[in-house]
Amino acid sequence: MSTRHPSPGPEQAESNRLLSVNDLRTDIRTDQGTIRAVDGVSFEVGRGETVCLVGESGSGKSVTCRSLTGILPEPPADVVGGSVEFDGQSLLEADDEQLRRIRGDRIAHVFQSPQSALDPVYTIGDQLVEAITIHNTASAARERAINLLRRVGIPRADSRIDDYPHEFSGGMCQRAAIAIALASDPELLIADEPTTAVDVTVQARLIELLRGLTDDGTSVLLITHDLRVAAALADRLLVMYGGTIVERGPLEELFDRPAHPYTQALFESYTGCSSRGDRTARRDVPTAGCRFRAECRHAVDTCVGGEQPPSYAVGDRETHGVSCVHYGPDRDPTPVLADAAAARPVSTEGDDD
Ligand SMILES: Nc1ncnc2c1ncn2[C@@H]1O[C@H](COP(=O)(O)OP(=O)(O)OP(=O)(O)O)[C@@H](O)[C@H]1O
Ligand code: NI
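Residues numbered from 1 in each chain as written. Chains lettered and ligands numbered in written order. Predicted model: local features only at pLDDT ≥ 70, side-chain atom pairs only at ≥ 80, totals over all residues.

(A) Region of interest: helix α8 (residues 200-215). The end-to-end C-alpha distance of α8 is 23 Å, a good match for the 22 Å that 16 residues give at a rise of 1.5 Å each. Taken residue by residue, α8 has Q203, L206, L210 and L213 as its buried positions. Take α8 and look down its axis: the buried residues cluster within an arc of 80°, on one side only. Projecting away from the buried face of α8 at angles above 90 degrees are the exposed residues V200, T201, G212 and D215. Along its buried surface, α8 packs onto β7 (188-192), β8 (219-223) and α9 (227-233). One or two residues past the end of α8 sits G217, with phi positive at roughly 100°. (Helix = DSSP H or I, 4+ residues; strand = E, 2+ residues; numbered from the N terminus. Expected span 1.5 Å × (residues − 1). Buried ≥ 20, exposed ≤ 12 C-beta atoms within 10 Å, placed from the backbone. Arc of directions from axis to C-beta. Contact = placed C-beta atoms within 7 Å.)

Structure, rendered in structure tokens:
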């Protein structure tokens, strides 16, 4: 139905849009049946923008990102619907060779487990130099590789460049994987939990690095469990639950007025002492209607059945959308929003009003 997403309107002016994902659907077929891992996801990423995907474990964040450039194991995963446009080019219709070129050049991916992204039989330097464009001479490429390792905070980069992955700690492998991802100067960096398994000093450094990238016009699609990392980096947040995006909007707007009952629960579960929301997906997420309704304290009869509720604008904020019947035209969202006051996750600098 064409009215599935009546509001908010386009998140990016067309000229500024780099990535545009529309009604993406990815199934995963297991022995126990088919999981709708991504179930009608739409969003955009603008040039130089950082968009952050948050949501509990199993909500479909990684599968969403891996669906974009075809790096899911097929089978068991199968992109069954939707469209993905990158700079005007349809990625779901691109062939393997086109996708391989885009991944080597314009879209870089940092995976959730960095060790698996590195090849154990080549040194870190060989892998970096290979990723650096052919325009460089061998010595210039090595110099650039050392600089990249310094940028991601590898100490003694000029000697550690000759190490093999097994000589690096988990955190260092993660940083090396980020360096390799940056080697091609991508227009879009997709980073899945890039700051886990590193200590706070390195985390701060990586946050600086990612922020610097967007200053230079690179776009970042970031998955993180850590709302502090999201607060430090995101222009916009996408909140996922049960393979769907339940809420979206500018960072400060979402932190100030989390509208969806799930976002409120996620922010509440996030206390100052734990660095990640510790919610883990239930196995019995409904596959129709509002996916969150079984856990929702505001659930009503209209939450059952049919499509996911449309994304409604919250108040007069066209850029803040929430997929919840309580924000539809005939509903009074006041009780849901009242709960939001207590659900603010972390102060995003300075005083809130
Ligand atoms: N290779 C696979 N085989 C079977 N099921 C899978 C596979 N990969 C993902 N899934 C399932 O797809 C759903 C979405 O998983 P996904 O990895 O995208 O979650 P996530 O939001 O990234 O979680 P996390 O924060 O734990 O990384 C989950 O139910 C997961 O169990
Ligand atoms: Ni994941």
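Once you've had a look at it, read on.
(B) Inspection of the domain arrangement of the protein at higher detail. Each assigned domain of the protein is listed here: domain 1 (17-106 + 186-343) and domain 2 (116-185). Using C-alpha coordinates to define each centre, domain 1 is positioned 30 Å away from domain 2. In this assembly, 12 residues from domain 1 lie in contact with 11 residues from domain 2. Of all elements in the fold, only α2 (96-105) and α8 reach the threshold of two or more residues within the side of domain 1 that touches domain 2. For the side of domain 1 that touches domain 2, the leading source of residues is α8, giving four residues. (Domains from an automatic or database assignment.)

(C) Fine view of the sheet that holds strand β9 (residues 236-241). Reading across from one edge, β6-β7-β8-β3-β9-β10-β12-β11 is the order of the eight strands in this open sheet, with mixed pairing throughout. Pairing within the sheet leaves two strands with one partner each, and these edge strands are β6 (107-110) and β11 (312-314). The average undirected angle you get between the axes of adjacent strands in this sheet is 25°. Strand direction decides the pairing type here: β11 and strand β12 (residues 317-322), joined by three bridges, are antiparallel. The residue of β12 that forms the bridge with V314 is R317. (Pairing = 2+ DSSP bridges. Axes fitted to C-alpha atoms, helices over the stretch in contact; angles between N-to-C directions.)

(D) Structural context of the site of ligand 1. Taken together, 15 residues lie around ligand 1, and A37, S57, K61, S62 and V63 are the ones closest in. Contributing elements (two or more residues each) for the shell around ligand 1: β1 (17-30), β2 (33-46) and α1 (61-68). Within the shell around ligand 1, the residues separate by chemical class into six nonpolar, eight polar and one charged. (Near = placed C-beta within 6 Å. Nonpolar A, V, L, I, M, F, W, Y, C, P; charged D, E, K, R; others polar.)

(E) Molecular detail of the nonpolar core. Counting 93 residues, the largest nonpolar core has C52, L128, A176, A177, A179 and V239 as the members making the most contacts within it. Looking at this core element by element, the count peaks at nine residues for helix α7 (residues 170-182). Counting the residues that make up this core, at least three belong to each of domain 1 (17-106 + 186-343) and domain 2 (116-185). Once residues lying within four places of it in the same chain are set aside, the contact partners of L128 are A145, L148, A179, I180 and A183. (Core = buried A, V, L, I, M, F, W, Y, C linked by C-beta atoms within 7 Å.)

(F) Examining the sheet that holds β1 more closely. If you trace the four strands from one edge of the open sheet to the other, you get β2-β1-β4-β5, paired in antiparallel fashion. Each having just a single partner strand, β2 and β5 (89-90) make up the two edges of the open sheet. Direction of pairing for strand β4 (residues 77-86) relative to β5: antiparallel, over a ladder of two bridges. In the sheet register, F86 faces β5, and the bridge partner there is Q89.

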